[in-house]
Amino acid sequence: MERVLSMFERADPFSTWWPTIAALLVGLVITVRTIMSGQRCPNDNQIKEQIVVVTGGNSGMGFEIAKALAARGGRIILACRNLTAGERAAAIIKRELGCRTPLDPNDSSSANPAERYFVEVRQLDLCSLSSVQQFAAQLMSEFERIDVLVNNAGMVFGNTQVPTGDGFEQHLQVNYLAPLLLTQLLLPHLERSEQGRIIFTSAHAHQAAKMDFDDPLNVGSWAVKFHARDAFAHSKLALVLATRWLAKELTGTTVTVNCCTPGLVRGTRHLRHSPLMSAFCVKVITYPWMWLFMKNAYEGAQTAIRLATDPQLKQVSGEYFNRQGGVHNGQDTATATATAAAARKLIYVPHAQSPGWGSLTGDLGSNVYLHLV
Ligand SMILES: NC(=O)c1ccc[n+]([C@@H]2O[C@H](COP(=O)([O-])OP(=O)(O)OC[C@H]3O[C@@H](n4cnc5c(N)ncnc54)[C@H](OP(=O)(O)O)[C@@H]3O)[C@@H](O)[C@H]2O)c1
């Protein structure tokens, strides 16, 4: 031990470049991490008693969004396809928030601080449009209004050749059609809120999307050859366009609609179906790079948290928020080419019957304005 101590005492850091190189490397890593982790939500505005629905709230960013909004006083409904996973997430959120809450000696109403947080779970499977209908009906019978709807649930790298039970391509339904249907169904309740907010989670990948504006749902002949990556990008572009159109439709109401991209986020289950990421050695090799260049789920959730809580965004609608949390200028190439008519077609969904789509004949139902044109 003494030998080691005397070695350090005698060491001259300026006799070699290594300490400087090491310090520069550490500085570089910290700078990259700081930049890549993005901005935090710039306010800590409370949303006391606001009723917030978070789809896919049992894991990843949905969990972080739900936890942050519960901590600000929101009444959270986790909409999950797996009730057990949802109940587990709700219990964790309540326990973690409860642990942070100091015990009030004068408050005899609740011995357990975790019970002060309202986090409940309801079943919602976006692969099933009837599940969406049931979920919306249940919610509307239980709650008098909804203040915030965070359409966070989504998937990537599903099998594009296996349609949902409703007959739609999986990415299209889970990422776009079902969230849009849910939004439409809950609109009357969102309109009862003093200021209803709808948030869609899109992705940077929307910029790489191909969309035939005569067939915006891409149910035409070439769509059956879709790679999952293309289907994902397409569904996220559809969200961006639909956000703009919905915002126009909602002009004059108290409801705003915006979409956001979280950036590249690690540590969630988003890539669970990725053929590449299922290989153990790839995970090991990529982990340091993912740690360096990608956000964690908490960091990825910040833009959606801001959209749900920022008082300065009360009047902002139809915008796309990028991963830095700011308003996008709307000039990216993919979305700039979209006309209002194309966006309209996306909302007033044409019947998914087309020669190339074979047996896929999705039907969204007709009691909302996702109807046939
Ligand atoms: N991670 C990224 O880098 C990234 C980048 C851009 C955009 N996004 C988007 O961010 C959102 C959140 O992703 P994440 O990274 O947090 O991934 P995640 O951990 O996989 O979370 C996705 C959530 O969606 C739920 N979900 C999936 N399919 C569903 C269905 N059919 N019905 C109901 N819920 C369903 C999942 O439920 P289960 O647990 O039951 O599967 C899960 O709770 C997604 O919309 C995703 O597309 C992520």
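- The protein appears in an unreviewed UniProt entry as CG31235 from Drosophila busckii.

**With respect to the overall build of the protein**
- On a plain count of helices and strands, the protein comes out with twelve helices and seven strands.
- A buried classification covers 41% of the 373 residues belonging to the protein.
- Residue pairs in contact within the protein that sit at least 24 positions apart in sequence constitute 77% of those at least 6 positions apart.

**Description of the site of the ligand**
- Taken together, 28 residues surround the ligand, and among them Gly56, Gly60, Ala153, Gly154 and Thr268 come closest.
- Sorting elements by how many residues they give to the shell around the ligand places helix 3 (residues 60-71) first, with three residues.

**Examining the sheet that holds strand 5 (residues 197-201)**
- The strand order across the open sheet built from seven strands is 3-2-1-4-5-6-7, with neighbouring strands paired in parallel fashion. At either end of the open sheet lies a strand with only one pairing partner, and these are strand 3 (119-123) and strand 7 (320-321).
- Those strands touched by helix 7 (residues 228-249) are strand 5, strand 6 (256-260) and strand 7, and its axis lies near 165 degrees from that of strand 6.

**Quick word on the UniProt feature "transmembrane region" (unreviewed entry) in the protein**
- Under the present numbering, the feature "transmembrane region" (unreviewed entry) in UniProt falls on residues 16-36.
- In the segment residues 16-36, helix accounts for 90% and strand for 0%; the C-alpha atoms at its two ends are 32 Å apart.

**Regarding helix 3**
- The end-to-end C-alpha distance of helix 3 is 17 Å, a good match for the 16 Å that twelve residues give at a rise of 1.5 Å each.
- The buried fraction of helix 3 is high, at eleven of twelve residues.
- Within helix 3 the residues assigned to the buried category are Gly60, Met61, Gly62, Phe63, Glu64, Ile65, Ala66, Lys67, Ala68, Leu69 and Ala70.
- Within two residues after helix 3, glycine 73 carries a phi angle of roughly 100 degrees, on the positive side.

**What about helix 2 (residues 18-36)?**
- The end-to-end C-alpha distance of helix 2 is 27 Å, a good match for the 27 Å that 19 residues give at a rise of 1.5 Å each.
- With zero of 19 residues buried, helix 2 lies mostly on the surface of the structure.
- At the C-terminal side of helix 2, glycine 38 shows a positive phi close to 75 degrees.

**With respect to unusual backbone geometry**
- Residues other than glycine seldom take positive phi values, yet glutamate 49 does so here, at roughly 70 degrees.
- Residue position: glutamate 49 is located in the loop between helix 2 and strand 1 (51-55).
- Its identity is not glycine, yet phenylalanine 157 carries a phi of approximately 60 degrees, on the positive side.
- Here phenylalanine 157 lies in the loop between strand 4 (148-151) and helix 6 (170-191).

**Some details on the packing of helix 3 against helix 10 (residues 302-309)**
- It is at 9 Å that the axes of helix 3 and helix 10 come closest, and there the two elements cross at 40 degrees. As summarised for this structure, helix 3 and helix 10 are arranged oblique, according to the angle between their axes. Viewed along their axes, helix 3 and helix 10 form a crossing whose handedness is right-handed. Seen from helix 3, the contacting residues are Ile65, Ala68 and Leu69; seen from helix 10, they are Ala304, Ile305 and Ala308.
- Within the contact of helix 3 with helix 10, the residues separate by chemical class into six nonpolar, no polar and no charged.

**Re the packing of helix 6 against helix 7**
- Put simply, helix 6 and helix 7 touch, their axes get as near as 8 Å, and they point 15 degrees apart. The orientation of helix 6 relative to helix 7 falls into the category roughly parallel. As for the relative orientation of helix 6 and helix 7, their crossing is right-handed in sense. Two secondary-structure elements touch here, helix 6 through His171, Leu172, Asn175, Tyr176 and Leu180 and helix 7 through Ala228, Ala231, Phe232, Ser235, Lys236, Ala238, Leu239 and Ala242.
- Taken together, the residues that form the contact of helix 6 with helix 7 break down as nine nonpolar, three polar and one charged.

**Here's the deal with the confidence of the model for the protein**
- Taken over all residues, the pLDDT of the protein has a mean of 83, while the share at 70 or more is 82%.
- Of the regions scoring below 50 in pLDDT, residues 327-337 engages in 17 contacts with residues more than four places distant in sequence or in other chains.
- The model gives residues 350-373 a pLDDT under 50, and that stretch makes 52 contacts with residues more than four places away or in other chains.

**Focus on the pairing of strand 4**
- Here strand 4 shows no split at all, with Val148 and Val150 on one side and Leu149 and Asn151 on the other all buried.
- Taken together, the four bridges between strand 4 and strand 5 define a ladder with parallel strand orientation. Looking at the pairing, valine 150 lines up with isoleucine 199 of strand 5.
- In terms of handedness, the path from strand 4 via helix 6 over to strand 5 forms a crossover that is right-handed.

**What about the environment of asparagine 152?**
- By the element assignment, asparagine 152 lies in the loop between strand 4 and helix 6.
- Residues asparagine 152 and glycine 57, spaced 95 residues apart in sequence, show a C-alpha to C-alpha distance of 7.7 Å.

**Digging into the environment of asparagine 322**
- Along the chain, the position of asparagine 322 falls in the loop between strand 7 and helix 11 (333-336).
- For asparagine 322, a count of 19 C-beta atoms within 10 Å puts it in the partly exposed group.

Criteria and thresholds
Numbering of residues starts from 1 in each chain and follows the order in which that chain's sequence is written. Totals for whole chains, interfaces and linings use every residue, but because this is a predicted model, local features are given only for residues with pLDDT of at least 70 and side-chain atom pairs only at 80 or more, for both listing and counting. The way it works is that DSSP assigns letters per residue, a run of H or I at least four long becomes a helix, a run of E at least two long becomes a strand, and they are numbered from the N terminus. Buried, partly exposed and exposed are defined by the number of other C-beta atoms within 10 Å of a residue's own C-beta, namely 20 or more, between the two limits, and 12 or fewer respectively, with C-beta atoms placed from the backbone. Residue pairs qualify as contacts under a 7 Å threshold applied to their C-beta atoms, which are placed from the backbone. Working rule for contacts: place C-beta from the backbone, and if it is within 6 Å of a molecule or strand, that residue counts as near it. For two strands to count as paired, DSSP must find a minimum of two bridges between them. Helix axes are fitted only over the stretch in contact, all axes being lines through C-alpha atoms; the angle between N-to-C directions runs from 0 to 180 degrees. UniProt positions are given in the numbering used here, feature names are shortened, and annotations may be inferred rather than shown by experiment. For a helix, the expected span equals 1.5 Å multiplied by the residue count minus one. Angles are sorted into four bins: roughly parallel if under 35 degrees, roughly antiparallel if over 145, roughly perpendicular if 65 to 115, and oblique for all others. Handedness of a helix crossing follows the sense of rotation of the near helix relative to the far helix, less than a right angle counterclockwise being left-handed and clockwise being right-handed. Ten residues, namely Ala, Val, Leu, Ile, Met, Phe, Trp, Tyr, Cys and Pro, are considered nonpolar, four, namely Asp, Glu, Lys and Arg, are considered charged, and the remaining ones, Gly among them, are considered polar. Scored between 0 and 100, pLDDT is the confidence that the predictor attaches to each residue. Seen with the strands pointing away from the viewer, any crossover whose path from the first strand over the helix to the second strand runs clockwise is right-handed.

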